Protein chains: 2
Amino acid sequence: MQRYFITSEEKNTELITGEKYHHIVNVMRAKINDEIELSYDGVIYLSKIIEINNASLKYSVIDQYYFDSEFMFNVTILQGYPKGDKIDDIIKHSTELGVNKIIPALMERSIVKLDENKRQNRKERLQKIALEASMQSKRNVVPIIGDIVGLNKIDYSEYNIKILAYEEEAKNENNNFTTIIKSLKKNDNVIIAIGPEGGFSNNEVDYLKSKGFVACSLGKRILRTETASLYVLSAIGYEFL
Amino acid sequence: MQRYFITSEEKNTELITGEKYHHIVNVMRAKINDEIELSYDGVIYLSKIIEINNASLKYSVIDQYYFDSEFMFNVTILQGYPKGDKIDDIIKHSTELGVNKIIPALMERSIVKLDENKRQNRKERLQKIALEASMQSKRNVVPIIGDIVGLNKIDYSEYNIKILAYEEEAKNENNNFTTIIKSLKKNDNVIIAIGPEGGFSNNEVDYLKSKGFVACSLGKRILRTETASLYVLSAIGYEFL
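Read on for a plain summary of the structure. (Residues numbered from 1 in each chain as written. Chains lettered and ligands numbered in written order. Predicted model: local features only at pLDDT ≥ 70, side-chain atom pairs only at ≥ 80, totals over all residues. Heavy atoms only, no water.)

## Some words on the overall build of chain A
Item 1. The helix and strand inventory of chain A stands at eight helices and 11 strands.
Item 2. Each principal axis of the C-alpha atoms in chain A carries an extent, and together these give about 65 × 40 × 30 Å.
Item 3. Classification of the 241 residues of chain A by burial places 53% in the buried group.
Item 4. In chain A, the proportion of contacts linking residues at least 24 apart, taken out of those at least 6 apart, comes to 74%.
Item 5. Carbon and sulfur atoms make up 46% of the accessible area of chain A, which amounts to about 11,200 Å² in all. (Helix = DSSP H or I, 4+ residues; strand = E, 2+ residues; numbered from the N terminus. Buried < 20%, exposed > 50% of the residue type's maximum accessible area, 1.4 Å probe, protein only. Contact = heavy atoms within 4.5 Å. Areas by Shrake-Rupley, 256 points an atom, 1.4 Å probe, with all protein chains shown as cover.)

Structure below.
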């Protein structure tokens, strides 16, 4: 059954309009009495369509349940902005794999150049990709896309576990990815930084370490930037299955 | 340093020609005395280029070592042939994540239609993608691309652990993905079957079960076909880091 994320207004009025209306009525060709799943604030409302008008539909809730497909902690991926449209795939895969927030950060070795205006448009497009992937994979919540900014514009104080996926630096420290993951607890707020294609610059490594990040190797294989986030999220999903 | 896979002949003659020669000399613009890594049969030969001719180069081995980035068992992904060029990305990601063999199987719900001739060409193209991804991620071996065939043309007798990634069927059985993965031992030969976009047909599930596959859920989230293999391989990599 198709699942849609609704707003508090749509929840209160039991009325759906706009793009969601268009998708339900024109794309999915739903009819009166058809059932849909509406997701609001982590609760799934099994609902029946009771009225279809030109630009809106009314529904009534039949049942509600809490199916939790979420981690018991929050996971943010701080992703060095990659080349081309790789960020789209990273968001799709990461959403399926349970990420809570993705910050597409402009790092020194990111090739992309985006002025203020473009950043906002891009962010909105990426948020839409996250929404669609959330519907498809039946997430309870939609991952948040952070502002597309440099590393120095990000507030790291909300995170209590900060991991820097950086092979070279990890050799000098003694942090084991598995040990950190296994130690995650309920309501932890984890952020994992992954470099763009050329990796982190030395400045960036120093800066993130000054913000409390610990360097960690992701294993003995060399992963591309677009594979690293999937590896991390799969590992967390596997550990906390 | 760039790593190339060499043949037994190239190993014996210490002479490289053809595409590899072209890549080393024309793409990477290597010069005499430059070092390259040559991989043969799981051993890495650190080599120096000693002569560059019009269509061949000679090298001599400086050092050899065995850097093992491989699993201690064999992992085959039996992948239902997906839409479009998704198979390319699956091969790239899976190669990075340590797969040993990928069988792109034509399942009932695979959309793609390929006649005999096209299958052979396609297989060769996919093998090339696996080779390039192996070089990039510094694998010791290149994953094998299996013949593009139906499920009834595959020999399952070589595998001792057979997993069917199928949420629905898993509900009726009591197999836990984590338990199976944790129990993997040296030299096991594992095959994991993943359906195409529409999933397995009932016939396919019955057929694979008759061949000894056990159904297993990959977790509480719904994964697309192109994400399932990455999840499985990441989980194995994480468990046996």
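## Some thoughts on the relation of the copies chain B and chain A
Item 1. Structural alignment of chain B on chain A gives an RMSD of 0.1 Å, achieved by rotating through 180 degrees and translating 0.0 Å along the axis. On this basis, the relationship between the two copies can be described by a two-fold rotation axis. By C-alpha distance to the rotation axis, the residue of chain B lying nearest is B:Ala235, at 2.6 Å.
Item 2. Residue by residue, 100% of the interface of chain B is reproduced at the interface of chain A, so both copies engage with the same surface. (Least-squares fit on C-alpha atoms with pLDDT ≥ 70 in both.)

## Considering the side chain of B:Asp188
All names here are of chain B.
Item 1. On the secondary structure map, Asp 188 appears in the loop between helix H6 (177–182) and strand E10 (189–194).
Item 2. A distance of 2.8 Å separates polar atoms of two side chains, one belonging to Asp 188 and the other to Asn 160.
Item 3. If we skip the residues at most four places from it in the chain, Asp 188 touches Phe 73, Asn 74, Asn 160, Ile 161 and Ser 183. (Polar contact = N/O pair within 3.5 Å; in protein donor to acceptor, adjacent residues only side chain to side chain.)

## Concerning the packing of helix H3 (residues 86–96) of chain A against helix H4 (residues 116–136) of chain A
Residue and element names in this part refer to chain A.
Item 1. At their nearest, the axes of H3 and H4 sit 9 Å apart, and the two run at 35 degrees to each other. Pair H3 / H4 crosses with right-handed handedness. Of the residues in H4, those touching H3 at Ile 87, Asp 88, Ile 91, Lys 92 and Thr 95 are Arg 125, Leu 126, Ile 129, Ala 130, Ala 133 and Ser 134.
Item 2. Across the contact of H3 with H4, the residue classes break down as six nonpolar, two polar and three charged. (Axes fitted to C-alpha atoms, helices over the stretch in contact; angles between N-to-C directions. Left-handed = near helix turned anticlockwise from the far one by under 90°. Nonpolar A, V, L, I, M, F, W, Y, C, P; charged D, E, K, R; others polar.)

## Brief notes about unusual backbone geometry
Item 1. A positive phi is found at A:Glu14, a non-glycine position, where the angle reads about 55 degrees.
Item 2. Unusually for a residue other than glycine, B:Asn187 sits at a positive phi of about 65 degrees.
Item 3. Assignment of secondary structure puts B:Asn187 in the loop between H6 and E10.
Item 4. A residue is classified by how much of its surface remains accessible, and B:Asn187, at 63% relative accessible area, is exposed.

## So, helix H4 (residues 116–136) of chain B
Residues and elements named next belong to chain B.
Item 1. Look at H4: 31 Å from first C-alpha to last across 21 residues, which is about the 30 Å you get at 1.5 Å a residue.
Item 2. For H4, every residue scored as buried is listed here: Leu 126, Ile 129, Ala 130, Ala 133, Ser 134 and Met 135.
Item 3. On the buried face of H4, the contacting elements are strand E1 (3–5), helix H3 (86–96), strand E7 (101–105) and strand E8 (144–145).
Item 4. Just past H4, the residue Lys 138 takes up positive phi, approximately 55 degrees. (Expected span 1.5 Å × (residues − 1).)

## Quick look at the interface of chain B and chain A
Item 1. Contacts between the two partners involve 36 residues from chain B and, on the opposite side, 36 residues from chain A.
Item 2. Between B:Arg224 and A:Glu96 there is a salt bridge, and its shortest N-O distance comes to 2.6 Å.
Item 3. Elements that contribute at least two residues to the side of chain B that touches chain A include exactly H3, H6 and helix H8 (225–239) of chain B.
Item 4. The residue inventory of the side of chain B that touches chain A, partitioned by class, reads 13 nonpolar, 10 polar and 13 charged. (Salt bridge = Lys/Arg side-chain N within 4 Å of Asp/Glu carboxyl O.)

Everything listed is a geometric property; what it means functionally is a separate question.
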